[in-house]
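# Overview (structure and organization)
Here's the letter readout for the chains.
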Amino acid sequence: MEKFEINNIETTLIKTNKFKTITFFVVLFGDFTKENATQRNLLAKLLQSTTKNYPTKKAVANKLFDLYDANIFANSFPMYKTNLTVFGLQIVNPSFVQDDVLLNEAISFFKEMIFNPNVDENGFNLNEFNEKKRNLRDNINNIYNNKTTYAFNRLLEIMGPDEIINVNSLGTLEDLEKITPESLKEFYDNLIKNEMAKIYVTGDIDQDVIIPLLNDLNFSNQRRELEPSSKETYTAKEVRQVSDTQNINQAQLMMGFRTNTNALDELYVPMAVFNMMFGGMVSSDLFRVVREENSLAYSVGSSIFFDNRLLIVSAGIDAKNYELATDLIIKELEEYKQGKVDSDLLQVAKDNLNSSLSETADDPFSNLTFIIKNSLLKNYSSEDIIELVKQVTVEDIVKASRDVELDVIYCLKGEENGSN
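Residue indices begin from 1 for each chain and proceed along its sequence in written order. It should be noted that, the model being predicted, local features are given only for residues of pLDDT at least 70 and side-chain atom pairs only at 80 or more, the latter also being counted only at that level, while totals for whole chains, interfaces and linings use all residues. Side-chain descriptors were evaluated using all non-hydrogen atoms of the structure, hydrogens and water having been removed beforehand.

Once that is clear, we can look at the overall build of the protein chain. Helix and strand definitions here come from DSSP, where helices need a minimum of 4 consecutive H or I residues and strands a minimum of 2 consecutive E residues; each element is numbered from the N-terminal end. Assigned secondary structure in the protein chain consists of 16 helices and 13 strands. In this treatment the radius of gyration is a C-alpha quantity, and the globule benchmark scales as 2.2 Å times the residue count to the 0.38 power. The C-alpha atoms of the protein chain give 23 Å as radius of gyration, which agrees with the globular expectation for 420 residues (22 Å, within 12%). If you line up the protein chain on its principal axes, its C-alpha atoms span 65 × 50 × 35 Å. In the protein chain, buried positions account for 54% of the 420 residues. In the protein chain, the share of contacts with a sequence separation of at least 24, taken over all contacts with a separation of at least 6, comes to 82%. Only four residue types enter the charge count: Lys and Arg as positive, Asp and Glu as negative, with His and the chain ends excluded. Charged side chains are reduced to one point each, which is NZ for Lys, CZ for Arg, CG for Asp and CD for Glu. The distance from the centre of the 43 positive side-chain charges to the centre of the 63 negative ones in the protein chain is 2 Å. For every residue, the accessible area obtained with a 1.4 Å probe (protein chains only) is divided by the maximum for its type, and the residue is called buried under 20%, exposed over 50%, and partly exposed between those limits. Contacts are residue-level and defined by heavy atoms, with any inter-residue pair within 4.5 Å sufficient.

Here we come to helix α11 (residues 285-293). Listed in full, the buried residues belonging to α11 are D285, L286, F287, V289 and V290. Where the residues of α11 are buried, they touch α10 (268-280), β11 (297-305), β12 (310-317), α12 (322-337) and α13 (343-361). At the exit of α11 stands S295, carrying a positive phi of roughly 50°.

This paragraph deals with the side chain of Q246. Along the chain, Q246 turns up in strand β9 (residues 240-246). If sequence neighbours within four positions are ignored, Q246 has contacts with Y144, K147, Y150, L412, K413, G414 and E415.

This part is about the packing of α10 against helix α15 (residues 382-390). Think of each axis as a best-fit line through the C-alpha atoms, taken over the contacting stretch in the case of a helix, with angles from 0 to 180 degrees between the N-to-C directions. Running from N to C, α10 and α15 point in directions that differ by 70°, and their axes come no closer than 9 Å. Taken together, the axis directions place α10 and α15 in an arrangement best described as roughly perpendicular. Along its contact with α10, which presents Y268, V269 and V273, the element α15 presents I385, L388 and V389. Residue polarity is assigned by list, with Asp, Glu, Lys and Arg as charged and Ala, Val, Leu, Ile, Met, Phe, Trp, Tyr, Cys and Pro as nonpolar; anything else, Gly included, falls into the polar class. Looking at the contact of α10 with α15 residue by residue, the class counts come to six nonpolar, no polar and no charged. Geometric relationships in this document are graded by angle, where less than 35 degrees denotes roughly parallel, more than 145 denotes roughly antiparallel, 65 to 115 denotes roughly perpendicular, and other angles denote oblique.

Attention now moves to the pattern of salt bridges. Every case where a carboxyl oxygen of Asp or Glu lies within 4 Å of a side-chain nitrogen of Lys or Arg is listed as a salt bridge. Following the criterion strictly, the structure yields 28 salt bridges and no others. E163 is paired through a salt bridge with R258; the nearest N and O atoms lie 3.0 Å apart. Of this pair, E163 sits in the loop between α6 (147-159) and α7 (173-178) while R258 sits in strand β10 (residues 251-258), and the two are 95 residues apart along the sequence. We classify R258 as buried; its relative accessible area is 4%. What emerges from the salt-bridge pattern is a single network uniting K34, E174, D175 and K178.

Note on aromatic contacts: the rings of Phe and Tyr and the six-membered ring of Trp form a pair at centre separations within 6.5 Å, being stacked when their planes are under 30 degrees apart, edge-to-face when over 60 apart, and tilted otherwise. Counted according to the given criterion, the structure contains 14 aromatic pairs. For the ring pair F25 and F73, a centre distance of 5.7 Å and an interplane angle of 85° mean the geometry is edge-to-face. Remark: F73 occurs in strand β4 (residues 71-79) and F25 occurs in strand β3 (residues 21-31); sequence separation between them is 48 residues. Considered together, F25 and F73 belong to a single accessibility category, that of buried residues. Relative to F219, the ring of F115 has its centre 5.2 Å away and its plane inclined at 45°; by these criteria the two rings are tilted. Placement of F115 in helix α4 (residues 102-115) and of F219 in the loop between α9 (207-214) and β9 is noted, with a sequence separation of 104 residues between them. Note on F115: relative accessible area 29%, which makes it partly exposed. Using a relative accessible area of 7% as the deciding quantity, one classes F219 as buried. Here the aromatic cluster, defined as three or more aromatic residues joined through ring pairs, consists of F257, F274, F278 and Y336. Either the NZ atom of lysine or the CZ atom of arginine qualifies as a charge over a ring when it sits within 6 Å of the ring centre and within 35 degrees of the ring normal. Cation over ring: K198 sits above F29, and NZ or CZ is 5.4 Å from the ring centre. In this arrangement the basic side chain of R258 is found over the ring face of Y234, its NZ or CZ atom lying 3.8 Å from the centre.

It is worth spelling out the domain arrangement of the protein chain at this point. Domain parsing of the protein chain yields domain 1 (2-214) and domain 2 (240-414). Between the C-alpha centres of domain 1 and domain 2 the distance comes to 30 Å. In this complex, domain 1 contributes 33 residues to the contact, which on the side of domain 2 involves 33 residues. The largest share of the area that domain 1 buries against domain 2 comes from M79, L155 and M159, three residues that together contribute 20% of it. In this assembly, domain 1 and domain 2 are joined by three salt bridges. Measuring nitrogen to oxygen at the nearest pair gives 3.3 Å for the salt bridge that ties D362 to K18. The term polar contact refers here to a pair of N or O atoms within 3.5 Å; inside protein, the definition further demands a hydrogen-donor-capable atom paired with an acceptor-capable atom, and it admits residues adjacent in sequence only when both atoms are side-chain atoms. The interface formed by domain 1 and domain 2 holds eleven residue pairs in polar contact (both at pLDDT 80 or more) in total. For the side of domain 1 that touches domain 2, the elements supplying multiple residues, two or more each, are β3, β4, β5 (82-92), α6 and β8 (196-203). Broken down by class, the residue content of the side of domain 1 that touches domain 2 amounts to 22 nonpolar, seven polar and four charged. These domain boundaries are the output of an automatic or database domain assignment. As a working definition, buried area equals the accessible area (1.4 Å probe) given up by two parts on being put together, with both sides summed.

We now examine the sheet that holds strand β1 (residues 2-6). Two strands are counted as paired when DSSP detects at least two bridges linking them. Read from one edge to the other, the open sheet built from six strands follows the order β1-β2-β8-β3-β5-β4, with strand pairing classed as mixed. Two strands lie at the open edges of the sheet, namely β1 and β4, each paired on one side alone. Here the average twist between neighbouring strands, direction ignored, is 20°. Relative to β8, strand β2 (residues 9-15) runs parallel, the two being bridged by six bridges.

In structure tokens form, the structure reads like this:
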């Protein structure tokens, strides 16, 4: 991994010949808040759709085809209170197609997407703006229709009504209706002018080739303190149980746990392995106990969110099995805390996690995203974490499990089932 600066922008090059492509990311780091979440989501959708010189989807598609089916995108996502706006370009390595102008043409189009959006004196092109606004409105409305997503969001709302976990990265309908082509153009201008930029490149390419390609990138690039991961310690005083009813057949059970562990903490890797054992894979304890042995769930699993120090268990159940299912999940966690850890399952979890990390390293998009996120934390490489995973012991798993505290149990049930 090479680090250098281009026009005062920190640049990271992962030079490798394992890919037949070259991938460029330009990332802008800013604040993620309830007030700007909707704007960020809508803006990313517009920026990757059309540009001033390529004002239709067909024009963009034709250009990408001319660039040997290049891939270009804009994306926006949060890490705790930090937002990452990612502009991405992936092209075939010119050496494979013997095209001397491919790099220059692709980078010119990449800059077009970033710096020359489809705007006029009234802001973003009205037709494109209305289409993307309508699409985002549909996506937000579909949260209600996807009962697993709805239940997950309700759980976070109950767990932390005044915390950043309650802010959906899609945004809200209320904020969406306030956005105009003019106000979004103003938001875009502020983002380009004020947010901190970094460049990431991976592929078989040299530093001296990259620098002249990107040395005219123009960002003010203000250095800023970022909050990519929660450092707050949360102690659950009592477990809150909340239920809602809708016209559904399968109940959605969500259990929110506080871990007080982020990617900067000593227990980061053991907590990741614990989650795999607990409910993060098909051979996990929750899958075995809740689904296979007791047939209480159509699906069950756990997910960990290190930036917000959360572990979430989700299950699709019959509402009548609510008490038994939650009791078994709580009991399984207590087994870990009491030191009852299956060493064979530990090895399976470590193998599964390391296999996933290896797959990440073998995909340029996934690998760059992994590197970007970790650059805000401990700068671990996937190889670093693989080695740390191998060293996790039974004692580490017990220690990690003892930091997991149940905060909220939420169940979305069918109307005919009544309430607990």
